[in-house]
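A closer look at the structure
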Amino acid sequence: MTEGPHSRGTVLPVPGKRNILVTSALPFVNNVPHLGNIIGSVLSGDVFARYCRGRGINTLYIGGTDEYGTTTEARALVEKCTPQELCDKYHAIHAEIYEWFNISFDIFGRTTTQLQTDITQDIFLKLQKNGFLKEQMTTQLYCQEHHSFLADRFVEGECPVCGYADARGDQCDLCGQLLESLQLKHPRCKVDGSKPITKDTKHIFLELNKLQPDVETFFRDSAAGGAWSNNSKVITSAWLKEGLKPRSITRDIKWGTEVPLPGYEEKVIYSWFDACIGYVSITARYTDQWEKWWRNPQDVQLHQFIGKDNVIFHSVIFPSSQIGTGDTWTKLHHLSTTDYLTYEGGKFSKSRGIGVFGDSAQKTGVAADIWRYFLLSHRPETGDSEFTWDSFISCNNNLLLKNFGNFVSRVLKFINSRHYNNIVPNWAEYREDSFDAFKQEINNLLTQYIQELNAVKIRSALSTVLQMSQQGNGFLQSNKLDNRLVENEPSKCAAVIGIAVNTVHLLASVIAPYMPDTAKSINSQLCVDALPIQDHWHADSIKPGHEIGKSEHLFSRIKPEKAEEWRKMFGSDEVKKVKEEEAAMKAKKNAAMKA
Ligand code: MET
């Protein structure tokens, strides 16, 4: 999966057709992703890409790691390795996790490549040529000990708001206040602990203010045309309303794309200026015909999946850079954002050992598809959402096993039984109004599913799939599928089975974007190819006389006692400790306010 075309071969847009380019946020390489990160962009983008492919739409799904910047430098310092070593290590960790979760990237690339440098510098120089960059003096903290300006994350000191002694240059971890490093009291250099001085240094600013009218037009058209998520519209509008201001796009660090200007040899381009360019350069790494995807607004629709904290970079900064070059670009069509997933009522924390991280989900022995199901059915689509072990187990035991799995296995087992000996019976002649009503109901749900996924309502479309299997169970129930039916009313029984087995085939195709292994297993038990997701379902893709394979369990029950075991394994003591600390801090704050 990493760095190289997927088995689909090189996918290129087909002129005159609808072509979909899907991207998911490129994670930093300073951590192992947790469940919230996974559902936040990568898994959501995967469902949409798989759905589009299932609809027969030409689709390319791009992912990768975002490797430049202070997050990498700071983490390398902690792990006592070079930034390059850190990137190599975490790129591999991310790639492996997404592979386990069955993410169908066409390429999972990285931003530390020559292509990234070339494309970023090209954009940078075009912005300069068109008059959108300016040089400006700034005052910053400078470490005389290791002769370097200090980026936010390289300074620690006392928080000016709550007095916490170890606040970072960009934020105080105790009170949450966003900071600038010059605001810290008694600042110290994170590298060597020495006291920095203030010093003037020049930087390049992107004059977003000059681009505001164009960005506004872009936003108005794209947000309406592409039905952006509510969060992304609200956040972007607020920014535009406040008025765009020039933003510095160079930094005083070493790990980044070189600034293509004389006098800037000691500086690099700000990683957030080039992070979104990563999507382009990773596509270029996938195919040298990348411009067919990225310079083709006529034929290509760009769908981007991100966490809500990254909205501005995708909705304002990157589009501004594109517009400012004066080139033709494929620009954002749909922006899909997620809120946060909490873990047992609190935050995931790797350093405290709280929560499930991508590499440890596997340790539970629960299949990737079950994890996918849980996360997608709890996608923080319209607000925060919570992971708890009880609901995880209940999803498996009640929804998947009793509803979806029960329907599929009842139908297949019946065809396996001595009555039919694996052969789908002939039902072509049999008619009953209630059967037509059932087919109509399934078609209504299919229409709803397609509408929901077209609008990227991933979570609702999944619950629509479960409604379909629920209807399927109801259909077997109301027609009393059992030995007596086959003996007393063989033609009716044949029709019930014929329609039901076709429903199973349809279910495999609509669940496939969510649970690809489950869909594969159903199709292989049915001995059929995957059914494309079409507008209308005719209940005739599996014909009388077709021989199916042996039915196998799709899911198995998880013992409820497992919840306690897993809670322990994933940090229940630590969760308790954090809650105690939070309560103590609240008490302290209250006391301070009273005093
Ligand atoms: N690296 C960013 C993050 O992890 C996302 C970049 S998307 C171009 O938040």
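Residues numbered from 1 in each chain as written. Predicted model: local features only at pLDDT ≥ 70, side-chain atom pairs only at ≥ 80, totals over all residues. Heavy atoms only, no water.

**A few points about the sheet that holds strand E4 (residues 133-143)**
- With antiparallel pairing, four strands are arranged side by side in an open sheet as E5-E4-E9-E10. Edge positions in the open sheet fall to strand E5 (148-149) and strand E10 (247-248), since each of these has one partner strand only.
- Where strand E9 (residues 197-206) lies against E10, two bridges are found, and the strand directions are antiparallel. Directly across from Leu206, in E10, lies its bridge partner Arg247. (Pairing = 2+ DSSP bridges. Helix = DSSP H or I, 4+ residues; strand = E, 2+ residues; numbered from the N terminus.)

**Overview of the sheet that holds strand E3 (residues 107-110)**
- An order of E3-E2-E1-E13-E14 is seen for the five strands of this open sheet, with the pairing classed as parallel. Either end of the sheet is taken by a strand with one partner, and the two such strands are E3 and strand E14 (332-338). The average angle at which neighbouring strand axes cross in this sheet is 20 degrees, direction not considered.
- The pairing of strand E2 (residues 58-65) with E3 spans four bridges and is classified as parallel. Paired with Gly63 across the strands is Phe108, a residue of E3.
- Sheet strands in contact with helix H10 (residues 311-325) are strand E13 (300-307) and E14, and its direction is about 160 degrees off that of E14. (Axes fitted to C-alpha atoms, helices over the stretch in contact; angles between N-to-C directions. Contact = heavy atoms within 4.5 Å.)

**Re the site of the ligand**
- Taken together, the neighbourhood of the ligand is formed by Ala25, Leu26, Pro27, Phe28, Asp66, Trp272, Ala275, Cys276, Tyr279, Asn310 and His314.
- Asp66 is positioned with one of its side-chain polar atoms (N or O) 2.7 Å from a nitrogen atom of the ligand.
- Here an oxygen atom of the ligand and a side-chain polar atom of Asn310 are 3.2 Å apart.
- The protein chains hide 89% of the 300 Å² of surface that the ligand would expose on its own.
- Tallied by class, residues from the shell around the ligand come to eight nonpolar, two polar and one charged. (Near = heavy atom within 4 Å. Polar contact = N/O pair within 3.5 Å; in protein donor to acceptor, adjacent residues only side chain to side chain. Areas by Shrake-Rupley, 256 points an atom, 1.4 Å probe, with all protein chains shown as cover. Nonpolar A, V, L, I, M, F, W, Y, C, P; charged D, E, K, R; others polar.)

**A few points about the packing of helix H12 (residues 368-377) against helix H15 (residues 458-478)**
- Running from N to C, H12 and H15 point in directions that differ by 120 degrees, and their axes come no closer than 8 Å. The segment H12 lies against H15, with Tyr373, Leu376 and Ser377 engaging Ile458, Arg459, Leu462 and Leu466.
- Here the residues of the contact of H12 with H15 are counted per class, giving five nonpolar, one polar and one charged.

**Regarding the domain arrangement of the protein chain**
- Each domain of the protein chain was delimited in the assignment, giving domain 1 (19-131 + 205-338), domain 2 (386-526) and domain 3 (562-594).
- Computed from C-alpha coordinates alone, the two centres of domain 1 and domain 2 are separated by 40 Å.
- Counting from both sides, the interface comprises twelve residues of domain 1 and, opposite them, 13 residues of domain 2.
- Counting the surface lost from both domain 1 and domain 2, the interface buries some 1,000 Å², and carbon and sulfur atoms represent 72% of this.
- Looking at the side of domain 1 facing domain 2, the largest losses of area belong to Val47, Arg50 and Tyr51, adding up to 48% of the total buried there.
- Where domain 1 touches domain 2, the interface holds zero salt bridges.
- Secondary structure elements with two or more residues in the side of domain 1 that touches domain 2: helix H1 (35-54), E13 and E14.
- Take the side of domain 1 that touches domain 2: its biggest share by element is six residues, from H1. (Domains from an automatic or database assignment. Buried area = accessible area lost by both parts, 1.4 Å probe. Salt bridge = Lys/Arg side-chain N within 4 Å of Asp/Glu carboxyl O.)

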